[in-house]
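So you can see what is in the structure, the chains are spelled out below.
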Amino acid sequence: MQHNESDSQRPGEAGQAVASGALRELWTNLLSTPQQFFESAVRHGRPTSDRAASQAVFNNVFLHILPTRINRHALHVRTTFGLGVITLVLFFLLVVTGVALMVYYKPSTAQAYDSMKEIHYIVPTGRFMRNIHRWSAHAMVLAVILHMARAFYTAAYKGPRRFNWVIGMILFVLTLMLSFTGYLLPWDQLAYWAVTIGSEIAESPRELTDALGVTSWFDIGGLIKRLMLGANQVGEEALIRFYVLHVVVLPVVMCIFLVVHFWRIRKDGGLAKPPESGPPESTDHESGQQSAESGEPGAAAQAAALESPPGAVGSAKTYGLMAVVRGRTPAVDRSMAHTVPTWPNAIYAIAALSMMTFFVILCLAHCFDAPLKEHANPAVPENPAKAPWYFLGLQELVSYSAFMGGVGIPTIVVLGLMLVPYLDREKENSGVWFSGRRGRRVCLLTALMTTCSVVGILAFTINFGWLRSWFPNIPQLMITLVNPGTVLLALFMGWSFAVTKQTNSTRMGALAVFTCFLVAFAILTYFATVYRGPNWGFYWSHSDWPVH
Amino acid sequence: MMDRPRTYRVGWLKVVLLLSSVASFGMLLLAAYQENFTAEWRTHQQEFAHVLSVKATAANETSAPAGASVKASDYPIEIRQAFLPEWDKVDRCITCHVGIDNPAMQDQPQPLTAHPGDILQHHSADRYGCTICHQGQGRATDKEAAHGRVPFWDEPLLTGDFIQSTCTQCHHDEEVPQAPVLNRGRQLLSELGCVGCHKTGETLAAEKVGPQLDSVGSKVTRKWLHKWLADPGKYLPEHKMPQYPLPSGAIDGLAAFLMTARDDKIDNAPQPKGDYDTGADIYRESQCIVCHVTKLDYADNPVGGHIGPSLMKIGNKINQKWLVAFFQNPHSFLPHTKMPGYHFSKKEAINLSQFAIEEWTDYDLQDAEAEEPALPTGTPQQIALGKRLFAELDCAGCHELKGSPAKRDAPELTFIGSTPVHQLTFGDAKVPRTTPDFLYTKLKSPRSLHHKFELHPGEDPVDAIWENLRPKSLFSASQSLPDGAEGERLAWLLEQAKKAGVLEKQLALPSGTTAKQAHWLVWALNEVGALNPLKMPDFQPSDQDTEALAIALMSLSEVGAPSKRFDAPRRSKTVFDPKDEFGKLERHYRCLSCHKIRSSGELLASDLTYEGNRVNREWLYHYLNQPYSMRRMLTIAMPIFHFPDEESRLMSEYMANVFVDSDLGAAWKRNRDKADAGRGKTLFQAKGCMACHQVNGTGGDVGPSLTTQVPEFPHGTWVGDKLKGEWVYAWLENPQAILPDTIEPNLGLSDQEILDLTAFVLSLKNPQFQKKNNGDDKNNGDNNNGQVKK
Amino acid sequence: MQKLAIGHDQQSFVAASQARGKKVYDHYCEICHGAEGQGDGFNSAMLDPPPRNFADEAFWKRVNDEQLQTVISRGGESVGKSVLMPAWGRTLDPSQITDVIAFLRTVPALAKKAAAAEESEN
């Protein structure tokens, strides 16, 4: 169809043209302009062949983030559950509705709450937009966590994707920060006190510096809190800071990391896939360098030997465009059998998933209104003041030791998870859930152990208290070091080392440690959401809360 | 070209894509539809437009045949709002209540109806919006949210008379004429003595609501005091003092303490002995019944006024010696009383006290009391305990007693109306969680809004019970908790409670574990309310009074007008208190207890503000000497004070010259020549005046008779002897301008009609009075030039 | 315990109007027309013709609100009735008169109820 473009420039016609002919030509040009415009923009019609389909993907700025052909395995629902795509769709929804809300929102303590009411009652579909924004934000946090779990359990953090895992962790933290900064903006009681609690968590290093007696000249907790709030209390300064972070800084940073994240997926060989569904990954272009970096000498060859029929060793030729393009590209003729063209297979899958996500969020937004409590009132504390749900697990730990719960343990967990790919370098069963039956057993056992130990220690603490109840004069440093949070952390570490030793596999150890964190996070979050009442006391149900 | 790839997924993926896209699009359409078509307020406005067009068509048919009809479609359907930047309010109430300022909508149902009354004429919806007065959530556009009956909105729509509680945001005056219930509540707040214990941000009046107690020991009998403290309602059903839930030990202590407040002069005086019949005459002349309940009618209903306390049983209560001293100089005992100072000689006082004690004694009660054992005088411990209790209960909030200052440490009420609901203690009460409900319930039965005391695991039950036993003075000050086994300590606690009269003497701890015993003790103490730390007594107000009080408390709000522009002008509240001779007389006779003068005083009798315009000086002079009732059916009149002649002359002259407004009825002075009494007489018939006023024995009994004939006062005055033309003229012109509550209708008479009627009214003179008056004094009523010949 | 947090529906607005009307009636009208509106007030004995008995159901079939509004605001004279009924139009405002009429309309029902109560007592 590309020859169309030269149609109107045939020299014969141009030469014979008279004045009226030129006008006629103008007329016909005008009539064919919509078609011409479409063709110049899209450059191809409906792809009828693989080649055309590949070209369609390759030539489109939006689609070319996908490979032209995609491994059939990647399209299985069970491979990813589409969590990455869902997260991205939610992010897009958040950006779009966020921009719409920005038009009406006024970031000042005097007007913020009222502008929320305006959005709710007066702005056409404002309430709907806000609901979409709110539920998308919560859904995104959930989706990110699940996406992370998926990546971990399918060992997708391994091998060439180690750095992308780190990027993913950064994106996870950014998502939490975006959600948290957005939490304050409605300026209602819920927002105000949740953020107050959040800022107290940020201030928690002071507990350690206090215990060490160095707060007077090294008040890192106070510094973080003041940086965050711009004042000693949540107020006008904090609101404008959170607003700027929420609408400009964090989204931009997020976008940059997102781009890197996607780029790395392509460059690291697409989605992690088990060996039986194709060549393990791809062929290393610069074998030596890559191997040195990834520490997997001969991995590709080994894997190729595993999956290829005996004797049918494929060529080393790949579809790399230029020698200078580093990274992995599908190997010629070996992987073709396991791939399908991205168009239409992946495109439709992604489109359908996106639309479904959109639909679910729309339903949520239609059925449930985003909460908006009373106007923020610094004089009337919410009791219990609870942080957003994803920080409630931390808040539970903070109730034992501010520093450990607020800074120590989360830092250890995030750093630990970032380090996992560099500690666990076993190259096996990438793309397989739980790395097979043994891993499944380890995860199950670990989940059981974690449930028992977390529930046990919670029950113990509620019934018998902790060190302070037994030794009232115990130094705070002791409690900072030994509290239910650190005890659990130590237990998890010990368990993971034991698993590593028992199975003689770092992968199993990694599975154990991740399962520990995930299950503990889930239980603590659930516990703090449901069973914690006024003054962070334990109550079986909301109806037992003391009326005050 | 390669083989066409197997598109095994794409088929169902396409279906999923199509379905979810259609569904999403449907959701968006639904949202758009709901937003643009089904909003509640749209239907209201459409209905309003319809009503408008129907009304317009109807009006056109009757009045203007060719007039343009109003089309319903011309009425814009849109959000309507009042924007009040100073108040930081946007009130969209008028989006649904569209007809609120359209008088034609009065017959429409809510939400289209017009605002009742004329409030909007002075508070236009543009300037004041709606939520300043009504509360609710002005920004919201659906009914429940706008009315504020949703979670997380602390100011739900005020209902009924509670709307009056917001008047005070701009109207800071004591009186807001349009808010009678609020005014009543504020009056009750001070009358009941709430401000004696609670701070309300208002300046404290000098007078306390209860009587001064400095000589109470000489005034009342010990038995009466005991009974009164235990249950005031038993002595006086309409008692003002609330009942405190006090155990017998506390009552013994308080009574012992109060009986020490004595006046030696009274104690040492000889026992008076007077004459009952003479006393009865003094009682009748003094018109005690105007202020006091002094008898019961055939159905045992109290008869008499309620300004002073009922006198029905004072013989059982009061020491006659004190009464004699009191009659001679009531103001030295009760400086702020409304009781006038009479000119009683000692003999008269003794006679009157004799009558009072004999007339108002419940002899059955007296006989019963005589059989009861005499009460011992208080021990020093009891007196000390009483003093502590007097302070703990803050009795000094209502009663002046030397050496016992008021603490006023009850919870402050200055901003109670704007306290967030969740900061109010509802306890276990099953009432809606709103501020009005809280206040209402608290006032109606204070103790219902409280958690029952419970033992908590981990605390020592004996300590916990000991700490919470009330009243505290009865327990903690003299004894301290002994050490020992828990069972023994519990038994000791029970013993203390019995000793204090909190628990009955025959009670004993049940057998069983100490835990069981402790729970029993808590139960028993809870039953008698001894573990409730609330000090507030039960005032047992009526439903109406409770609501009025709750409204007055609701009005104590932190919210106020944001700018001076909204402050209603403070009406300068002049207190009539001249420092001249008349003022001295007023303070002695307490005229303001019954009369109003320049917005001071009460309206039990006439308003004297324009007395100089109203009546002739001669008439006034005679009236002061010998008052009588203007109405046939009323026998109650002004007491006969036996004013010394110079005092009645001074008062009549003072009122004739000072209580004058020269503008009042000025038209009469200008045009009296044009008046014709004959025409006036015809008008009197034509306007139906005789429906209410009698002339020569015919006519109604609603208004005062115009030709009063009182057998005791044959020289009694008729209206022409009494009133001045200028006043009659002004009164007929607009009665409500002079006396807002009067039921004399404003008939809308023309100037000429008023002149004629006035002339007719003034022509009604009693020949006998004229004769007598002319004998005394040459001055004729209406030509009075203000001089009294001596 | 009285529940205060109830919403005002249409019914309670009518009730409120009647209650306001009763207050006005008690102050201005009761002395002639009687506490129960039966034309037997304290002053009725002095009046000829006697005051209207509002418990009379036949009366309510004859009149509408507009006529009542006229007779109350402009007096008996204005509709050819007794001058003993004064004009209240300058003393009461129209909404007060509307309230009074709302109250008056409840009189027959109240009278019936009272009669029934009396009967059951006897």
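Here's what I pulled together on the structure shown here. This structure is a prediction, so every number in the text was calculated from the model and none was measured.

Turning next to the overall build of chain A. Along the backbone of chain A there are 22 helices and 2 strands. Scored against the burial criterion, the 548 residues of chain A give a buried share of 51%. A fraction of 77% describes how many contacts in chain A between residues 6 or more apart in sequence connect residues 24 or more apart. Accessible surface, chain A as shown: approximately 26,700 Å² in total, 69% of it carbon and sulfur.

Our focus in this paragraph is the overall build of chain C. Across its full length, chain C holds 6 helices and 0 strands. The helix and strand sequence of chain C, counted from the amino end, reads α-α-α-α-α-α. With 122 residues in all, chain C has 37% of them scored as buried. Look at the contacts in chain C between residues 6 or more apart in sequence, and 45% of them connect residues 24 or more apart. Total accessible area on chain C is roughly 7,100 Å²; 54% of this is exposed by carbon and sulfur atoms.

Residue-level contacts link 40 residues of chain B with 29 residues of chain C. Both faces considered, chain B and chain C share a buried interface measuring about 2,800 Å² in area, 61% of it formed by carbon and sulfur atoms. On inspection of chain B and its partner chain C, the count reaches 0 salt bridges. Applying the counting rule to chain B against chain C returns 4 residue pairs in polar contact (both at pLDDT 80 or more). Going through the elements one at a time, α20 (435-444) and α31 (677-686) of chain B are the ones with two or more residues in the side of chain B that touches chain C. Here the element with the most residues in the side of chain B that touches chain C is α20 of chain B; it accounts for 4 residues. Its residues assigned to classes, the side of chain B that touches chain C shows 16 nonpolar, 16 polar and 8 charged.

A word on unusual backbone geometry. The peptide bond linking N383 of chain A to P384 of chain A adopts the cis configuration, its omega dihedral lying at 0 degrees. Tracing the sequence through the fold places P384 of chain A in the loop between α15 (342-367) and α16 (389-398). With an omega dihedral of 0 degrees, the bond running from Q110 of chain B to P111 of chain B counts as a cis peptide bond. Take P111 of chain B: it is sitting in the loop between β2 (89-91) and α3 (119-122). The residue Q287 of chain B is not glycine, and still its phi comes out positive at about 55 degrees.

Next up on the list: the nonpolar core. Judged by nonpolar contacts, the single largest core of 124 residues is most densely connected at F390, I465, L469, L521 and L525 of chain B. Looking at this core element by element, the count peaks at 7 residues for helix α35 (residues 751-762) of chain B. With near-sequence residues (within four places) excluded, L521 of chain B lies in contact with I465, L490, L493, L494 and L503 of chain B. Of all hydrophobic cores here, the second largest spans 103 residues; its members include A238, L250, F403 and F527 of chain A.

Because an α-helix packs 3.6 residues into every turn, residues spaced three or four apart end up facing the same way. Residues and elements named next belong to chain B. For helix α15 (residues 320-328), the tally of buried residues reaches 7 of 9 residues, placing the bulk of the element in the interior. Considered for burial, the residues of α15 that qualify are Q320, K321, W322, L323, V324, F326 and F327. Looking at the packing, one finds that the buried side of α15 touches α9 (216-219), α13 (264-268), α16 (330-333) and α17 (346-359). Between the side-chain oxygen of the N-cap and the backbone nitrogen of K321 there are 3.1 Å, and the N-cap of α15 in question is N319.

Now for helix α3 (residues 50-59) of chain A. All names here are of chain A. For α3, the set of buried residues is D50, A53, S54, A56 and V57. Along the axis of α3, the buried residues cluster in a sector spanning 155 degrees; they form a single face. With respect to the buried face of α3, the exposed residues turned more than 90 degrees away are R51 and F58. Looking at the buried positions of α3, the neighbouring elements they touch are β1 (69-71), β2 (339-341) and α15.

With that out of the way, let us pick up the pairing of strand β3 (residues 293-296) of chain B. All names here are of chain B. Note: β3 against strand β4 (residues 302-304), 3 bridges, orientation antiparallel. Along β4, the bridge assignment pairs L296 with P302. From the end of β3 to the start of β4, which pair antiparallel, there are 5 residues, and D300 there has a positive phi angle of about 60 degrees.

Contacts between the two partners involve 43 residues from chain B and, on the opposite side, 42 residues from chain A. Around 3,800 Å² of area is buried between chain B and chain A when both sides are counted, 64% of it from carbon and sulfur atoms. The interface formed by chain B and chain A contains 4 salt bridges. Of the charged contacts in the structure, one is a salt bridge between D142 of chain B and R127 of chain A, with a shortest N-O distance of 3.5 Å. Linking chain B with chain A are 8 residue pairs in polar contact (both at pLDDT 80 or more). With 15 residues, helix α1 (residues 10-36) of chain B is the single largest residue contributor to the side of chain B that touches chain A. Partitioning the side of chain B that touches chain A into residue classes produces 20 nonpolar, 11 polar and 12 charged.

All names here are of chain B. On the surface, D275, D277, E358 and E359 cluster together to form a negatively charged patch. Mapped onto the secondary structure, E359 falls in helix α17. Overall, the relative accessible area of 35% leaves E359 in the partly exposed class.

Bringing the side chain of R130 of chain A into the picture now. Residues and elements named next belong to chain A. With respect to the element layout, R130 can be found in helix α7 (residues 126-153). Although R130 is buried, it makes no salt bridge; D188 carries the closest opposite charge, 5.7 Å away. The residues contacting R130, other than those within four sequence positions of it, are L101, M116, I119, H120, P186, A370, P371 and L372.

Attention now goes to the pattern of salt bridges. All told, the structure shown has 37 salt bridges over all chains when counted by the stated rule. A salt bridge links E203 of chain A to K225 of chain A, with the shortest nitrogen-to-oxygen separation between them at 3.9 Å. Linking E203 of chain A in the loop between α9 (189-202) and α10 (205-212) with K225 of chain A in helix α11 (residues 220-229), this pair joins segments that are 22 residues apart in sequence. Assigned by exposure class, E203 of chain A and K225 of chain A land together as buried. Between R184 of chain B and D545 of chain B there is a salt bridge, with the nearest N and O atoms lying 3.2 Å from each other. Of the two residues, R184 of chain B is situated in helix α7 (residues 180-191) and D545 of chain B in helix α25 (residues 543-554); the sequence distance between them amounts to 361 residues. Since its relative accessible area comes to 32%, R184 of chain B is described here as partly exposed. Given the relative accessible area of 18%, D545 of chain B is considered buried. If you follow the salt bridges from partner to partner, you end up with D114 and E118 of chain A together with D88, R92 and R139 of chain B in one network.

What counts and what doesn't
- Residues numbered from 1 in each chain as written.
- Chains lettered and ligands numbered in written order.
- Predicted model: local features only at pLDDT ≥ 70, side-chain atom pairs only at ≥ 80, totals over all residues.
- Heavy atoms only, no water.
- Helix = DSSP H or I, 4+ residues; strand = E, 2+ residues; numbered from the N terminus.
- Buried < 20%, exposed > 50% of the residue type's maximum accessible area, 1.4 Å probe, protein only.
- Contact = heavy atoms within 4.5 Å.
- Areas by Shrake-Rupley, 256 points an atom, 1.4 Å probe, with all protein chains shown as cover.
- Buried area = accessible area lost by both parts, 1.4 Å probe.
- Salt bridge = Lys/Arg side-chain N within 4 Å of Asp/Glu carboxyl O.
- Polar contact = N/O pair within 3.5 Å; in protein donor to acceptor, adjacent residues only side chain to side chain.
- Nonpolar A, V, L, I, M, F, W, Y, C, P; charged D, E, K, R; others polar.
- Core = buried A, V, L, I, M, F, W, Y, C linked by side-chain atoms within 4.5 Å.
- Arc of directions from axis to C-beta.
- Pairing = 2+ DSSP bridges.
- Patch = residues over 30% accessible without salt bridge, like charges linked within 9 Å, V, L, I, M, F, W, Y side chains within 5 Å.
- Lys, Arg positive; Asp, Glu negative; His and termini not counted.
- Charge placed at Lys NZ, Arg CZ, Asp CG, Glu CD.

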